[in-house]
Amino acid sequence: MWYHKPVINEELLQSLPNLKIVASSGVGIDHLDLKLLASHGVKVSNTPFAVSTDTADMGMALMLASARRLVEGYLMAVSPDTEYFPAAWLGTEVSGASLGIVGMGTIGYKVAERAKAFDMKILYHNRNRRNKEEESAVGAVYCKKLDDLLQQADFVLLSVTLTPQTHKLIGKRQLELMKPTATLINISRGLVVDQDALVEALQNKVIKAAALDVTYPEPLPRDHPLLRMKNVIVTPHIGSATKKTRLVMMENMTESIQAGLAGRPVPNEVL
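Residues numbered from 1 in each chain as written. Predicted model: local features only at pLDDT ≥ 70, side-chain atom pairs only at ≥ 80, totals over all residues. Heavy atoms only, no water.

Asker: Explain the pattern of salt bridges here, please?
Answerer: Pairing between side chains of opposite charge can happen when their charged atoms approach one another. The final tally for this structure, using the stated rule, is nine salt bridges. Across the pair Lys 179 and Asp 154 runs a salt bridge, and its minimum N-O distance is 2.9 Å. Residue Lys 179 is located in the loop between helix H8 (172-177) and strand E7 (183-186), and its partner Asp 154 is located in the loop between helix H7 (146-152) and strand E6 (155-158); the two are separated by 25 residues in the primary sequence. Under the relative-accessibility criterion, Lys 179 is labelled partly exposed at 25%. Between Glu 200 and Lys 172 there is a salt bridge, with its nearest N and O atoms 3.4 Å apart. Taken as a pair, Glu 200 in helix H9 (residues 195-203) and Lys 172 in helix H8 lie far apart in primary sequence, 28 residues in all. Given the relative accessible area of 44%, Lys 172 is considered partly exposed. Three or more residues joined by partner-sharing salt bridges are found here, namely Lys 172, Glu 176 and Glu 200. (Salt bridge = Lys/Arg side-chain N within 4 Å of Asp/Glu carboxyl O. Helix = DSSP H or I, 4+ residues; strand = E, 2+ residues; numbered from the N terminus. Buried < 20%, exposed > 50% of the residue type's maximum accessible area, 1.4 Å probe, protein only.)

Asker: I keep staring at the pairing of strand E8 (residues 209-212) and nothing clicks. Help me out?
Answerer: Taken residue by residue, a regular strand's side chains alternate between the two faces of the sheet. Judged by which residues are buried, E8 turns out to be covered on both faces: Ala 209 and Ala 211 on one side and Ala 210 and Leu 212 on the other are all buried. Pairing analysis gives four bridges linking E7 to E8, with the strands arranged parallel. Looking at E8, one finds that Leu 184 is bridged to Ala 210. At this point the chain moves from E7, through H9, to the parallel E8, and the crossover so formed is right-handed. Bridge analysis of E8 against strand E9 (residues 232-234) gives three bridges, and the strand direction is parallel. If you follow Ala 210 over to E9, its bridge partner there is Val 232. (Pairing = 2+ DSSP bridges. Right-handed = clockwise from strand over helix to strand, strands pointing away.)

Listed below in structure tokens is the structure:
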């Protein structure tokens, strides 16, 4: 499967009685009915480790771009109407700021490693707490309650898997807990955020800005308010979009398919 295609449903599975494995690109599996596939004896694999480095890089890129208003600055610099650069045109400091990472899996931890180089104060919320050695290596402080992280962080970065538990994890109440100077960064899935609540929060200055590599749907309707806001950066779900990573993803999928057909243990099998 590439870009969630083809759609795996009962009709397709009935038409493919010899199907052994579905190898899905990327880390997310929210587009797959795992119980349905298991009922047909079909294994599933994904490519979680191949995408982690580039997606973490993308998270940092979005944070820096939003904080330093790079898109706005570029448009100002190249505009034919620009006659001078205003001295009071300012961004937000990243170095020394607090970063709250929601979802400290492989990607979230790699973000923390990068943020440490910016002397950021790192908070994280996760289903399972990392061990003390891992926390110490990046200087991360565990927040058992998401609310505690939201109230303290200057930047909140979402790096969770989309599940029924994380669907609209960030809604109106959570946004109101954030600082009015805070920025929300989403590199997970669009449905982790209640987009209507996010639009309202940005319009009413409940939070300062948002940087989104994922939305729902993708792409957004061309008249969507998020596309017209100066304090929002939207990119086209390109967290893993580098030549090297896409090649490794395809190699991982091929290895899983070969293993599945040969009856060997499947690398990166989703259980």
